[in-house]
There are 2 protein chains.
Amino acid sequence: MGFETSYLAQNTLFSYLISPISNQKRMLRTYNYNTLSKDEISKLISRNVDSSNEISSAVEAIIEKVKTEGDKALLAYSAQFDRVTLSRLVIEFDEIEQLANEVDEVEQKALEKAFYNIHKFHLSQLKTEEKVETTTGVNCWRELRPIEKVGLYVPGGSAVLPSTFLMLGIPAKIAGCKEIIVCSPPQKNGSVNIYLAYCALLLGIKRIYLIGGAQAIAAMAYGTETITKVDKIFGPGNQYVTKAKTIVQNKTNTAIDMPAGPSEVLVIADETANPAYVAADLLAQAEHGADSQAVLVSTSADLIEKVNLEIENQLRELPRKEIAALAIANSYAVLTSDLQSAMNFSNQYAPEHLIIETDNYEQLIPEIINAGSVFLGHLTPESAGDYASGTNHTLPTSGYARSYSGVSIDSFVKKITFQHISKAGIKNLGPTVEILAELEGLQAHANAVRVRG
Amino acid sequence: MGFETSYLAQNTLFSYLISPISNQKRMLRTYNYNTLSKDEISKLISRNVDSSNEISSAVEAIIEKVKTEGDKALLAYSAQFDRVTLSRLVIEFDEIEQLANEVDEVEQKALEKAFYNIHKFHLSQLKTEEKVETTTGVNCWRELRPIEKVGLYVPGGSAVLPSTFLMLGIPAKIAGCKEIIVCSPPQKNGSVNIYLAYCALLLGIKRIYLIGGAQAIAAMAYGTETITKVDKIFGPGNQYVTKAKTIVQNKTNTAIDMPAGPSEVLVIADETANPAYVAADLLAQAEHGADSQAVLVSTSADLIEKVNLEIENQLRELPRKEIAALAIANSYAVLTSDLQSAMNFSNQYAPEHLIIETDNYEQLIPEIINAGSVFLGHLTPESAGDYASGTNHTLPTSGYARSYSGVSIDSFVKKITFQHISKAGIKNLGPTVEILAELEGLQAHANAVRVRG
C-alpha cells in the first residue's frame, strides 16, 4: 500500500491505506473497493464525531451561566461572541413585517414556492390511524398530539439560512405546536436578517429571539426571563451548538431532534452519469465547510477521472473555493466492480445525502438501507432538496442514518396509544393478563383485572 | 399551609406544600387543585430525574472495562454482580427449545395470546406512503427501512419480564431488523428463564446473551468478541442500565429508545368510578417499586376517601405489600372542581400511563396532550396494556411524555425521504433553487442546478 500524493494533500487521515489506481494527480483520492480490507473500509466510513474536551467545558460553562443568570448572561454573550451590544433580545412582529418588506419580489416568490412544496410534502405525513380490535372487545389505536413547546435554532453566523427556518417551522406549524420559540444570532446591526423575517411572515411566527450559539440552546432548555423553556430543541449549528444540545439532552428533560455533525454527500454514479453534474453535486456539498465530506462511488474509472477534471474546472469559479477545496481534500472516490458493491459501500457509510446518478436508479432503491435523503437520477441534485423539492434538509449525519430519520412531522408530535376494553373484552382478555402477571410475580397487576371480573 | 400526617409518612418531599382537606388519616396525601400555586403544582409534577454522581462514575468504569476487555469483563461482572460463574455468555437455540418446553400449556397459551395481540396492533403501524408531486415533475416520498442491528435489554434481576421481551421483540421482527441481539441477566443456574426462552421461540430469536446491567449496554454499544455492536439499544432497566444508555448515547453513535425513569400512573376518576378498581390500578403501579408513583386526580372528595380505604384493604393481601406501601407513600391525590381541571393537571404531569375512569371518558380524549398510553373507561386497567391488549408497554416516564412517544414500529425503522425530478421538474423548480442558493451565498448549490439547465 503506497501513499498517493493528493492535489490538496492537507489531509493525510487515510493516507496509510491508500491504494493508488493511477499515478495521475487528481482532486479525489481514489480507492479500489475490491482491494480494501474490512478494516480499511471501516476506517474510510468513520467520521470524526468526537469533539475536544475544551469545547465541552466551554459549553458547560455557558450553559451554567445562562441557567443561573438568565437574560443577563445572554446579553453578555452577544457582546462577547457576536460582537453586538443588544438593547433587546427579541424582535417583535411589527419590526418583522418591516424587515420582510425589504425582500425583493423575485426572492419573495422563491421563498413562497419553497414554502408551498415543503408544506405540501410535510402535510402528507399527517395521518390519522384506524382502530384495531386485537381481541373482541379490545380496541387499540394511536392519536397524534403536537409537542406543545418547541425551540427552533436557525444558524446565522457566516451564512444566514432562511431555508432551515422553513424546514423546521413548517412541520412545527402543521403539527400544531402551541409555542414555537425561534432563536438566531443577531446581525451586526442588532436586528434580524430580512429573509428570516420574511419566513417568519410566511410561517405566522410573531417573534424572533436574537440569541445564537450554545447560549441559545441553554436558554431554550432552562428558560430565562424572556425565553420559555421548551420540550424539544431542533436545528443545526456549529460545534458549540451541537455540543450544547447533547449536554442539555442529558441534564434536563429537553429532547433534541438528533445528534449532528458536518454535512456530507455520497454520489453513486456509473458510466451513464454526466461528469459535470456529479462534480457540481460534490462541490455543492464541499462549499458548506472544510469538514464537509463528498464521496464518489463509481463503477467507472473513466468517470472518476472526468469528475476530477470537472471539479478542478468548476472549483476555480466558486466564491467559496478555499473552503470547498479543503472539503474535497477531506473527501475521496471509491471504484467498485458493480453497482451492488457501490450500494454496499454506501449502506456501510450511511450518508446524510445519497445521490444516485445512473440510468437504472430504480433497481437500486430496494437495496438502499442507510441514508438520510435520496436523490434519484441525473436531474435530481441535492440542492433541490436543500431548498425546495419539499423534503426536509435536517438529516442525520456522521453515520446516524443507520438509526435516525430526518426531521418530519413525526419529529414534532407524540403518537399516544389508546385502548378501550368492553365488558366482553375484559372477559376475553382478563385471564391472559392474570396468568402473565402471576408468572412475573406481580399480584396487584392480576388483581386489577380480577376486581373487574 | 400545614403538614398532614400521612399514614405512611416515610416520604416528606412535598410536606411543605400540603393543604389538608380533612383530618382523617389516609393512604394518599391529598391536595386541593384550586388552592395550589403555580409553584406548588410545578413541585408536585416534578420527578427526581437526577441520579447521583456515584452511579455515574461506577457506570463509566463498567463501560470502559467492557470496551477494553470485552468478554473477559462481561464474565467478571457476572461473577461480581449476578453472583454467577458463567461457562458461556450465550444460550443457543437447542437449549432455548429445551427450556421453552418447561413452560406449562396454560402459560404458553397466555404468552401466545399476548404475542398475537401485540403483533396485530404493531403490524397495523407498518404503512407505505404515497408519492407527492409537489411541483409538476418533482416527486417526493418516504420509504421505511429497518434499523439493521438492534439490541434488546430484557431485565431479569428480582423479576424476569417476558412481557418486555415480547414488547421489544415483536416490533423489531415486524420492522425486519436483520440482527436482534437480546441481553438478559443470567439466572442463578447460569441459564435463562424458561418464559424468556418460550418468547424467543415465538419470536424466532435463536440466541439469548446472559448479560445484565450496565455491562450489557456497554457490550451492545461497543461490541465484544461475542456480541455484535448494534445501531440502537432498547429496553428498561435499573438506574445503572438507564445511566449506561444515556452515556453510550453521547459517547458512541448508538441510539437509544428513550431516557427512562421509575414507572408511574395517573388516574382521573369522577364520582362514577368504582373505588375498588381505582385502588387496584394504583396498587398495580405501586408494586413495581418503591420509587413508582401512583397519582389520583378526582372531582370527588368522597371517591378519594373510598379509594384510600380500598387501598388499605387491598394492600394487606399483596405479596409485595412493603414495596407498594412505600410507593403509595411517595404518591398523592389531587381534588379538582371539574374534569377539565383534572385533565389540565394530568397534561402538566405528563404521565407514562393515564387511566380515565369516568362514564364520559370520550369527551376528554381531545383534551389529552401529554401521556404515554391511555386507558379509557372503567373496564380498561393498565395491566391489560402492560401485557396483552396489544399496545406497547415501553413508554416515556418522568415527564418525557411531553416530547417522546412509546416504543412502536417507528422506533425500529428509519423513514428515508426520496425525490425524483424529471426534465420538466428541473425546469419548473430550478430557478427557485438558484435564487435561494444565491441569497444564502451558496454558489455551488446554484451551480448544481444550472449545469442541468
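Only a predicted model underlies this, so the values are computations on that prediction, with no experimental measurement involved.

**Concerning the interface of chain A and chain B**
Logical step 1: Counting residues at the interface gives 119 residues for chain A, matched by 119 residues for chain B.
Logical step 2: It is Tyr 387, Gln 419 and Arg 452 of chain A in chain A that bury the most area against chain B; as a group they hold 8% of the surface buried on that side.
Logical step 3: Where chain A packs against chain B, one counts eight salt bridges.
Logical step 4: Residues Lys 415 of chain B and Asp 410 of chain A are paired through a salt bridge, measuring 3.0 Å at the closest nitrogen-oxygen approach.
Logical step 5: Summed over the shared surface of chain A and chain B, the result is 73 residue pairs in polar contact (both at pLDDT 80 or more).
Logical step 6: The residue makeup of the side of chain A that touches chain B, split by class, is 58 nonpolar, 37 polar and 24 charged.
Logical step 7: Relative to strand β14 (residues 373-376) of chain B, strand β15 (residues 413-421) of chain A runs parallel, the two being bridged by four bridges. Looking across to β14 of chain B, one finds that Phe 418 of chain A is bridged to Val 374 of chain B.

**A word on the side chain of Ser 263 of chain A**
Residues and elements named next belong to chain A.
Logical step 1: Along the polypeptide, Ser 263 turns up in the loop between β9 (255-256) and β10 (264-269).
Logical step 2: Its relative accessible area of 18% is what places Ser 263 among the buried residues.
Logical step 3: Separated by 2.7 Å, the side chains of Ser 263 and Gln 285 make a polar contact.
Logical step 4: Beyond its immediate sequence surroundings of up to four residues, Ser 263 is in contact with Gln 285, His 288, Ser 292, Gln 293, Glu 352, His 353 and Thr 397.

**Focus: the domain arrangement of chain A**
Residues and elements named next belong to chain A.
Logical step 1: By domain assignment, chain A separates into domain 1 (2-46 + 261-402), domain 2 (54-257 + 408-413) and domain 3 (422-450).
Logical step 2: Taken together, the contact pairs four residues of domain 2 with five residues of domain 3.
Logical step 3: A buried area of about 310 Å², summed over both sides, lies between domain 2 and domain 3, and 62% of it is on carbon and sulfur atoms.
Logical step 4: Viewed at the interface, domain 3 and domain 2 are joined by zero salt bridges.
Logical step 5: Along the contact surface separating domain 2 from domain 3 lie two residue pairs in polar contact (both at pLDDT 80 or more).
Logical step 6: For the side of domain 2 that touches domain 3, the per-class residue count stands at one nonpolar, three polar and no charged.

**Considerations on the sheet that holds strand β1 (residues 29-32) of chain A**
Logical step 1: Strand order in the open sheet formed by nine strands is β1(A)-β12(A)-β11(A)-β10(A)-β13(A)-β14(A)-β15(B)-β4(B)-β3(B), and the pairing between neighbours is mixed. Both outer strands of the open sheet, β1 of chain A together with β3 (132-135) of chain B, are each paired with one neighbouring strand and no more. Neighbouring strand axes in the sheet, compared pairwise and without regard to direction, differ in orientation by 20 degrees on average.

**Concerning the environment of Asp 231 of chain B**
Logical step 1: The topology assignment puts Asp 231 of chain B in the loop between α8 (213-222) and β8 (232-234).
Logical step 2: Between the C-alpha atoms of Asp 231 of chain B and Glu 179 of chain B, which are 52 residues apart in sequence, the distance is 9.9 Å.
Logical step 3: For Asp 231 of chain B, the residues in contact, after removing those within four places along its chain, are Arg 402 and Ser 403 of chain A together with Ile 147, Glu 148, Lys 149, Asn 253, Thr 254 and Ala 255 of chain B.

**As for the relation of the copies chain A and chain B**
Logical step 1: Expressed as a screw operation, the relation of chain A to chain B combines 0.0 Å of axial shift with a rotation of 180 degrees, fitting to an RMSD of 0.0 Å. Expressed as an axis order, the relation between the two copies is that of a two-fold axis. Across chain A, the rotation axis passes nearest the C-alpha of Asn 250 of chain A, at a separation of 4.3 Å.
Logical step 2: Of the interface residues in chain A, 100% have counterparts in chain B that sit at the interface too, so the contact is made through matching surfaces.

**Here's the deal with the UniProt feature "binding site: substrate" (unreviewed entry) in chain A**
Residues and elements named next belong to chain A.
Logical step 1: The positions that UniProt labels "binding site: substrate" (unreviewed entry) are, in the present scheme, Ser 263, Gln 285, His 288, His 353, Asp 386, Glu 440 and His 445. These residues run over 183 residues, and the two farthest C-alpha atoms among them are 55.7 Å apart, placing them at more than one spot.
Logical step 2: On the secondary structure map, His 353 appears in strand β13 (residues 353-357).
Logical step 3: Excluding residues within four positions of it along the chain, His 353 makes contact with Ser 263, Glu 264, Val 265, Leu 266, Gln 285, Ser 373, Phe 375, Glu 382, Asp 386 and Leu 395.
Logical step 4: Among the polar contacts listed, one links the side chain of His 353 to the backbone oxygen of Glu 264, at a separation of 2.8 Å.
Logical step 5: On the secondary structure map, Glu 440 appears in the loop between α16 (423-439) and α17 (443-450).
Logical step 6: By relative accessible area, which is 6% here, Glu 440 ends up buried.

**Here's the deal with the state of the cysteines**
Logical step 1: Scanning the entire structure with this criterion turns up zero disulfides over all chains.
Logical step 2: Looking at the unpaired Cys 140 of chain A, the closest cysteine sulfur is the one in Cys 199 of chain B, lying at 18 Å.
Logical step 3: Looking at Cys 140 of chain A, the relative accessible area reads 0%, which means it is buried.
Logical step 4: For Cys 199 of chain B, a relative accessible area of 0% gives the class buried.

**Here we look at helix α7 (residues 194-203) of chain A**
Logical step 1: Among the 10 residues of α7 of chain A, eight are classified as buried, and the element is accordingly described as predominantly covered.
Logical step 2: Residues of α7 of chain A that are buried include every one of Ile 194, Tyr 195, Leu 196, Ala 197, Tyr 198, Cys 199, Ala 200 and Leu 203 of chain A, and no others.
Logical step 3: Looking at the buried positions of α7 of chain A, the neighbouring elements they touch are α4 (93-100), α5 (105-123), α6 (162-175) and β7 (208-209) of chain A together with α16 (423-439) of chain B.
Logical step 4: The N-capping residue of α7 of chain A, defined by a side-chain oxygen 2.7 Å from the backbone nitrogen of Tyr 195 of chain A, is Asn 193 of chain A.
Logical step 5: Within two residues after α7 of chain A, Gly 204 of chain A carries a phi angle of roughly 70 degrees, on the positive side.

**So, the packing of aromatic side chains**
Logical step 1: Summed over all chains, the structure comprises 16 aromatic pairs over all chains.
Logical step 2: Residues Tyr 31 of chain A and Tyr 332 of chain A carry aromatic rings whose centres are separated by 5.5 Å and whose planes lie at 80 degrees to one another, so their mutual orientation is edge-to-face. Note that Tyr 31 of chain A is positioned in strand β1 and Tyr 332 of chain A in strand β12 (residues 332-335), a separation of 301 residues in sequence.
Logical step 3: Residue class for Tyr 332 of chain A comes out buried when judged on its relative accessible area of 0%.
Logical step 4: Ring centres of Tyr 400 of chain B and Tyr 404 of chain B lie 5.5 Å apart, and the angle between their planes is 85 degrees; this geometry places the pair in the edge-to-face category.

The rules behind these values
Residues numbered from 1 in each chain as written. Chains lettered and ligands numbered in written order. Predicted model: local features only at pLDDT ≥ 70, side-chain atom pairs only at ≥ 80, totals over all residues. Heavy atoms only, no water. Contact = heavy atoms within 4.5 Å. Buried area = accessible area lost by both parts, 1.4 Å probe. Salt bridge = Lys/Arg side-chain N within 4 Å of Asp/Glu carboxyl O. Polar contact = N/O pair within 3.5 Å; in protein donor to acceptor, adjacent residues only side chain to side chain. Nonpolar A, V, L, I, M, F, W, Y, C, P; charged D, E, K, R; others polar. Pairing = 2+ DSSP bridges. Helix = DSSP H or I, 4+ residues; strand = E, 2+ residues; numbered from the N terminus. Buried < 20%, exposed > 50% of the residue type's maximum accessible area, 1.4 Å probe, protein only. Domains from an automatic or database assignment. Axes fitted to C-alpha atoms, helices over the stretch in contact; angles between N-to-C directions. Least-squares fit on C-alpha atoms with pLDDT ≥ 70 in both. UniProt positions renumbered as here; feature names shortened; annotations may be inferred. Disulfide = S-S within 2.5 Å. Phe/Tyr/Trp six-rings, centres within 6.5 Å; stacked < 30°, edge-to-face > 60°.

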